[in-house]
2 protein chains.
Amino acid sequence: MKTVDPRPIEFYFDFSSPYAYLTSTWMNELAEKYGRQVIWRPIMLGVVFQETGMRPLFHQPLRGPYGERDFLRTARLLGRQAVVPKEFPYVSLAVSRAFYWLEDHHNEVIFDFAHAVFARYFEDGIAPTTHEDVARLAIQVGVDPDKLIEGCQDPQVKARLKDETAQAIEKGVFGAPFIIVDAEPFWGNDRKDQIEEWLKTGGW
Amino acid sequence: MKTVDPRPIEFYFDFSSPYAYLTSTWMNELAEKYGRQVIWRPIMLGVVFQETGMRPLFHQPLRGPYGERDFLRTARLLGRQAVVPKEFPYVSLAVSRAFYWLEDHHNEVIFDFAHAVFARYFEDGIAPTTHEDVARLAIQVGVDPDKLIEGCQDPQVKARLKDETAQAIEKGVFGAPFIIVDAEPFWGNDRKDQIEEWLKTGGW
């Protein structure tokens, strides 16, 4: 019988990160296979990039066009009909704050909410940035939209997102998706196989 | 019965690229499995980086330390005891020129030579930059060292390396390893599984 390992896997991401979207489609399922839980941590990647001097993938010369192709190709392999949104990246402040408010008040819907946010952007191509967008997502996961919008404006929730981003930087997170398994850092959707190997063997 | 596909796979790399070293350990074997041949193309990644504004991986803030860890971890998974050379990156001009001279004059040793170059740097930790280094590698693969050193100074060989680098940039190569399979570009050692899928299925 599998026992749940007490140490949860940490999954850091920005809701506007293409490869984090891909990782979000398999992360929990993979963890469950090895009796592990996952803590999802949306952060503001723009703040992280200020530290590292990196730029959003699709904006990089030459790498940009390749990145779009690679992203869509990898999504197809995962069975997803993804799109490259016209507005890229977007400021995911509202939905990230909403996530943390939900974590405290409606913990049972946080994964549904996160999946809905990712799908809105990377499947419908629409950046959820306004109160109306947040309200729509709230209804989708069965939460009172007015309460969620109000929650996003709570100073504690705003501070929470800042703190989580700062703590992520302290832990060495410099991009997304960034997954920490028992103190071992993995960067990128393409580390899925290594993460599974680590979960299986405890390291090599 | 497998027939050899007329279109060879193109494998672009700089001899100083850590992940290209990893790819060099499986590239030919994977191609052979699908009846395909590989053209190896050393290029000067420094020239490419001037176009893209990128920096050598291990020099990037935060990403650098992670990159070293990820490189060594991935090498171990491939059964290689790699090292992070103290001198990183190095100017791989001499060995790249030697490769192209050998391609024209001792085609039968080019893969042995390339493996020896990669091993010298990523297993012994020594950057092969001098005539003595090239001579040593020549002896290792059974080629007259004086002839190889002389060959490296041939203006045609020097021009060849420049041309190959320029042509690679024209084809969209912006990093290493960079693998082109039937016009489909793949960047990075971590695209091995996708390359295999492409070879197996012809694309998706």
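Since we're looking at a predicted model, the values are computed, not measured.

1. Remarks on the packing of aromatic side chains
Residue and element names in this part refer to chain B.
Move 1: Overall, the coordinates contain 48 aromatic pairs over all chains when judged by the stated rule.
Move 2: Centroid distance Tyr 21 to Phe 122: 5.1 Å. Interplanar angle 20 degrees. Geometry classified as stacked. Of the two residues, Tyr 21 is situated in helix α1 (residues 18-24) and Phe 122 in helix α6 (residues 110-122); the sequence distance between them amounts to 101 residues.

2. Some remarks on the interface of chain A and chain B
Move 1: With 26 residues of chain A at the interface, the matching set in chain B holds 26 residues.
Move 2: Carbon and sulfur atoms make up 55% of the surface buried where chain A meets chain B, a total of about 2,800 Å² over both sides.
Move 3: Contact with chain B buries area across many residues of chain A, yet Tyr 66, Arg 73 and Trp 204 of chain A alone supply 22% of it, more than any other trio.
Move 4: Our count for the chain A to chain B interface comes out at eight salt bridges.
Move 5: The shortest N-O distance in the salt bridge between Arg 73 of chain A and Glu 184 of chain B comes to 2.8 Å.
Move 6: On inspection of chain A and its partner chain B, the count reaches 20 residue pairs in polar contact (both at pLDDT 80 or more).

3. A closer look at the sheet that holds strand β3 (residues 178-181) of chain A
Strand pairs in the sheet, formed through backbone hydrogen bonds, run parallel or antiparallel to each other.
Residue and element names in this part refer to chain A.
Move 1: Read from one edge of the open sheet, four strands run β2-β1-β3-β4, paired in mixed fashion. The open sheet has two edge strands, β2 (38-42) and β4 (184-187), and neither has a second partner. Each adjacent strand pair in this sheet contributes to an overall mean axis angle of 20 degrees, direction not counted.
Move 2: With five bridges joining them, strand β1 (residues 9-13) and β2 adopt parallel strand pairing. Each bridged residue has a counterpart across the sheet, and for Glu 10 the counterpart in β2 is Ile 39.

4. Some thoughts on the UniProt feature "active site" (unreviewed entry) in chain A
Residues and elements named next belong to chain A.
Move 1: Under the present numbering, the feature "active site" (unreviewed entry) in UniProt falls on Ser 17.
Move 2: Mapped onto the elements of the fold, Ser 17 is located in the loop between β1 and α1 (18-24).
Move 3: Those residues in contact with Ser 17, other than ones at most four positions away along the chain, are Phe 118, Phe 122, Ala 176 and Pro 177.

5. Observations concerning the environment of Val 83 of chain B
All names here are of chain B.
Move 1: With respect to the helices and strands, Val 83 occurs in the loop between α4 (63-77) and α5 (93-105).
Move 2: The spacing of Val 83 and Glu 68 is 15 residues in sequence and 9.0 Å in space, taken between C-alpha atoms.
Move 3: In contact with Val 83, not counting residues within four places along its chain, are Phe 71, Leu 72, Tyr 121, Phe 122, Glu 123, Asp 124 and Gly 125.

6. What to know about the environment of Leu 137 of chain B
Residue and element names in this part refer to chain B.
Move 1: Summarising the element assignment, Leu 137 is placed in helix α7 (residues 131-140).
Move 2: Its relative accessible area of 1% is what places Leu 137 among the buried residues.
Move 3: The contacts of Leu 137, once residues within four sequence positions are left out, are Val 95, Phe 113, Ala 116, Val 117 and Pro 128.

7. Points about the relation of the copies chain A and chain B
Move 1: Superposition of chain A onto chain B requires a rotation of 180 degrees combined with a translation of 0.0 Å along the rotation axis, giving an RMSD of 0.0 Å. The two molecules are tied by a two-fold rotation axis, judged by turn and shift. It is Asp 190 of chain A whose C-alpha, among those of chain A, lies nearest the rotation axis, at 3.2 Å.
Move 2: Both copies share a contact surface, since 100% of the interface residues of chain A are interface residues in chain B too.

Rules used throughout
Note that residues are indexed from 1 along each chain, following the sequence as it is written. Chain letters and ligand numbers both follow the written order, the letters beginning at A and the numbers at 1. Local features in this predicted model are restricted to residues whose pLDDT is 70 or higher, and side-chain atom pairs enter the listing and the counts only when it is 80 or higher, whereas totals over whole chains, interfaces and linings include all residues. With hydrogens and water stripped out, all remaining heavy atoms of the structure feed into the side-chain values. Note on ring pairs: Phe, Tyr and Trp rings are taken, using the six-membered ring of Trp, and paired if centres are within 6.5 Å. Classes follow the plane angle, with under 30 degrees stacked, over 60 edge-to-face and the rest tilted. Starting at the N terminus, helices and strands are each numbered in turn, a helix being any DSSP run of H or I of at least four residues and a strand any DSSP run of E of at least two. A contact between two residues is defined here by any heavy atoms of the two lying within 4.5 Å. By convention, the term buried area covers the 1.4 Å-probe accessible surface removed from two parts as they join, with the contributions of both added. Think of a salt bridge as a Lys or Arg side-chain nitrogen and an Asp or Glu carboxyl oxygen that are within 4 Å of each other. Polar contact is the term for a pair of N or O atoms within 3.5 Å; when the atoms are in protein, one must be able to donate a hydrogen and the other to accept it, and sequence-neighboring residues count only if both atoms are side-chain atoms. In this scheme, strands are said to pair when DSSP sees at least two bridges between them. Axis lines are fitted to C-alpha atoms, over the contacting stretch for helices. Their N-to-C directions set the angle, which ranges from 0 to 180 degrees. UniProt positions are given in the numbering used here, feature names are shortened, and annotations may be inferred rather than shown by experiment. For every residue, the accessible area (1.4 Å probe, protein chains only) is compared with the maximum for its type, and the residue is labelled buried under 20%, exposed over 50%, or partly exposed between those bounds. The superposition of copies rests on a least-squares fit of C-alpha positions from residues with pLDDT of 70 or more in both.

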